[in-house]
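# Observations on chain architecture
Chain by chain, the residues:
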Amino acid sequence: MLEVLKQIDYSPFLLTFKLAIITTLFLFLIGLPIAYFLAYSKFRLKSAIEAAVALPLVLPPSVLGFYLLLITSKNGFLGKLWQEYFGHQLAFHFEGIVLASIIFSFPFMVHPLTAGFRSINKSLIEASYTLGKSKLETVFRVILPNMKPAILTGITLSFAHTIGEFGVVLMVGGSIEGETKVVSIAIYDAVEKIDYTTAHVYSAILFGISFFVLLVVYMLNKRFEVR
Amino acid sequence: MIVVRVKKELIGPKGKFNLEVDFKVEKGEFLTIFGRSGSGKTTILRMIAGLEKPDEGYIEFDGKVYFDSSKKINIPPQKRNVGFVFQNYALFPNMTVFENVAFALDKKKKENIEKVEEVLKLVELYNLKDRYPSSLSGGQQQRVALARAIIKNPDILLLDEPLSALDYSIRIRLQDELKKIHKMFNLTTLLVSHDKPEVFKLSDRVIYLEDGKIRKVGTPREVFIGKSISGKFSFYGTVLDIRKSDTVKIVTVDINGNLVEVITTTEDLNIGDEVLVGAKAFNPIIKKIN
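To start, this report covers the structure provided alongside it. Please read these numbers as outputs of a predicted model, since none were measured by experiment.

### Let's talk about the overall build of chain A
- Regarding its fold elements, chain A presents 13 helices and zero strands.
- Mapped from its N terminus to its C terminus, chain A presents α and β elements in the order α-α-α-α-α-α-α-α-α-α-α-α-α.
- Each principal axis of the C-alpha atoms in chain A carries an extent, and together these give about 65 × 45 × 30 Å.
- Among the 227 residues that make up chain A, the fraction classed as buried is 43%.
- Excluding contacts between residues fewer than 6 apart, the proportion of contacts in chain A whose partners are at least 24 apart in sequence is 71%.
- Approximately 12,300 Å² of chain A is accessible, and the part contributed by carbon and sulfur atoms is 71%.
- Charge centroids of chain A, computed over 18 positive and 14 negative side chains, lie 15 Å from each other.

Printed below as a string of structure tokens:
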């Protein structure tokens, strides 16, 4: 049994976590200002932006993947730019699946953050303003510290969702060993090759990790609530 | 001196109405805006603090123009030196009592730490300085909010019904404290309230606001009692109960916690009405109670 486990190639996991960590980091940085805008702005076309943010929730991953492939390939405008600056196209490379994951997991970061911003009592923000603090300082010293559960939810959901994604990564990244072959795709490959042992091990680990991540979120959220 | 001359369209319980006020607050004065909820009184405070923008008008603090619609001047709240105490206190849940008050000051300088401690001692909160707001009682939270609002020596202290959520006895104590602090710092104070006893106790002057317009201005006595009653023996109270007895009604009135029964023939009296209970034809006696 141990022998079998030792023979399995675990590199897809490394790649998956690298992808999930980088994606989550970028999503958090991009998601914060967008969520802030969605929560507080009175901009008339806000609904259109909200719809665009939520789009990945309803679009089939293949549709998203198809469009992203067009944009990121050698002839796509992003792919072309990338080729000029970095010497290779975006599609079928790690950077490409990072971009795809960011777009695909977007609502999973932005929705909890928006809800978090909205949950902050308006008078807390106004109190900070009357005490002479700028909007930026208010965000970092008053708003964010009081929406920790929302931040945690956003980060974990994006992380877990990125680990679990399949369709978009397959379309944009293909299945290139060590570059774009993440665990979910590796499982698919293994099944195709009738290598059920590998598929079993990969699936069990992924199952365990997903449950553990969610467990941590719910436990931490409970602690925040108590205080 | 603070000059306020503003107009703003508001939506109240009876639909749209125009808030249109013009008044001045003298230095060191305790001025109260009195009115029913929905009369626009909180909006006035918010416009002075810069949290809401008047449709048009002019706001000036000791010669500094904070708002002038004709010149398109609108100084943001951060740059207006006001202390604002919100109805729900608006304490930061992620900070201790000490941190809440220190938040008003710049960075942690040594003299600032001393200053925070001094203010906390003044409002009798020093022992609770490391507690979080959620573990404090309503009255304690209120005192933290007050300490936070006054620590920067604001040009004006704006109080938005700060005591309305508190129990009667705590309210009385905090009224005394407000008065003490007002006197101690000679702090120009603008209070919004719908509680007549409170207005009487605290204010030098009252603005009576109704449907967005100033109806009366003057001392509490002038505004509330006026010349409608000739006797001097009168109290404000709230109707708790009305019983019919033959042709008259027996009304139970709560006057600052004392219940009295009054016989009346007045027709349009309802439970919850604010009333003036007075007598003209006899001499009241006053006896000291030990």
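### Observations regarding the pairing of strand β11 (residues 213-218) of chain B
Residue and element names in this part refer to chain B.
- Both strand β10 (residues 205-210) and β11 contribute to a ladder of five bridges, which runs antiparallel. Bridge pairing in β11 links Ile-207 to Val-217.
- The antiparallel pairing of β10 with β11 creates a hairpin that spans two residues between the two strands, and Asp-211 there sits at a positive phi of about 50 degrees.

### So, the interface of chain A and chain B
- With 19 residues of chain A at the interface, the matching set in chain B holds 23 residues.
- Buried area between chain A and chain B, summed over both chains or domains, comes out near 1,800 Å², and the portion from carbon and sulfur atoms is 57%.
- There are one salt bridge connecting chain A and chain B.
- Residues B:Arg46 and A:Glu126 are paired through a salt bridge, measuring 2.7 Å at the closest nitrogen-oxygen approach.
- Across the chain A-chain B interface, the total number found is eight residue pairs in polar contact (both at pLDDT 80 or more).
- Contributions of two or more residues to the side of chain A that touches chain B are made by α8 (122-130) and α9 (135-143) of chain A.
- It is α8(A) that contributes the most residues to the side of chain A that touches chain B, eight residues altogether.
- Here the residues of the side of chain A that touches chain B sort into six nonpolar, seven polar and six charged.

### Some points on the packing of aromatic side chains
- Under the criterion given, the structure shown has 17 aromatic pairs over all chains.
- Aromatic pair A:Tyr10 and A:Phe13: ring centres 6.3 Å apart, planes at 35 degrees, arrangement tilted.
- Exposure remark for A:Tyr10: the relative accessible area of 32% places this residue in the partly exposed category.
- Here A:Tyr36 and A:Phe117 contribute two aromatic rings whose centre-to-centre distance is 5.4 Å and whose plane-to-plane angle is 85 degrees, an arrangement assigned as edge-to-face. Note that A:Tyr36 is positioned in helix α2 (residues 11-40) and A:Phe117 in helix α7 (residues 106-119), a separation of 81 residues in sequence.
- What makes A:Tyr36 partly exposed here is its relative accessible area of 24%.
- Here the aromatic cluster, defined as three or more aromatic residues joined through ring pairs, consists of B:Phe34, B:Phe200, B:Tyr208 and B:Phe224.
- Directly above the ring of B:Tyr126 sits B:Lys121, whose terminal nitrogen or CZ lies 4.8 Å from the centroid.
- Taking the ring centre of B:Phe92 as reference, the NZ or CZ of B:Arg148 above it sits at 4.7 Å.

### Concerning helix α10 (residues 148-164) of chain A
- Here α10(A) contains 17 residues, and its C-alpha end-to-end distance of 24 Å stays within 8% of the 24 Å for a straight helix at 1.5 Å per residue.
- For α10(A), the full list of buried residues reads A:Ala150, A:Ile151, A:Gly154, A:Thr156, A:Ser158, A:Phe159, A:Thr162 and A:Ile163.

### Thoughts on the nonpolar core
- A:Met147, B:Phe23, B:Leu158 and B:Leu190 are the most contacted members of the largest nonpolar core, which totals 102 residues.
- Looking at this core, the element that brings in the most residues is α2(A), giving eight residues.
- Those residues in contact with A:Met147 that sit more than four places away from it in its chain are A:Leu113, A:Gly116, A:Phe117 and A:Ile120.
- Within the second largest apolar cluster, 13 residues are counted, among which are A:Ile8, A:Val183, A:Ala186 and A:Leu206.

Cut-offs and rules
- Residues numbered from 1 in each chain as written.
- Chains lettered and ligands numbered in written order.
- Predicted model: local features only at pLDDT ≥ 70, side-chain atom pairs only at ≥ 80, totals over all residues.
- Heavy atoms only, no water.
- Helix = DSSP H or I, 4+ residues; strand = E, 2+ residues; numbered from the N terminus.
- Buried < 20%, exposed > 50% of the residue type's maximum accessible area, 1.4 Å probe, protein only.
- Contact = heavy atoms within 4.5 Å.
- Areas by Shrake-Rupley, 256 points an atom, 1.4 Å probe, with all protein chains shown as cover.
- Lys, Arg positive; Asp, Glu negative; His and termini not counted.
- Charge placed at Lys NZ, Arg CZ, Asp CG, Glu CD.
- Pairing = 2+ DSSP bridges.
- Buried area = accessible area lost by both parts, 1.4 Å probe.
- Salt bridge = Lys/Arg side-chain N within 4 Å of Asp/Glu carboxyl O.
- Polar contact = N/O pair within 3.5 Å; in protein donor to acceptor, adjacent residues only side chain to side chain.
- Nonpolar A, V, L, I, M, F, W, Y, C, P; charged D, E, K, R; others polar.
- Phe/Tyr/Trp six-rings, centres within 6.5 Å; stacked < 30°, edge-to-face > 60°.
- Lys NZ or Arg CZ within 6 Å of the ring centre and 35° of its normal.
- Expected span 1.5 Å × (residues − 1).
- Core = buried A, V, L, I, M, F, W, Y, C linked by side-chain atoms within 4.5 Å.

Shape is all these values report; function is a separate question.
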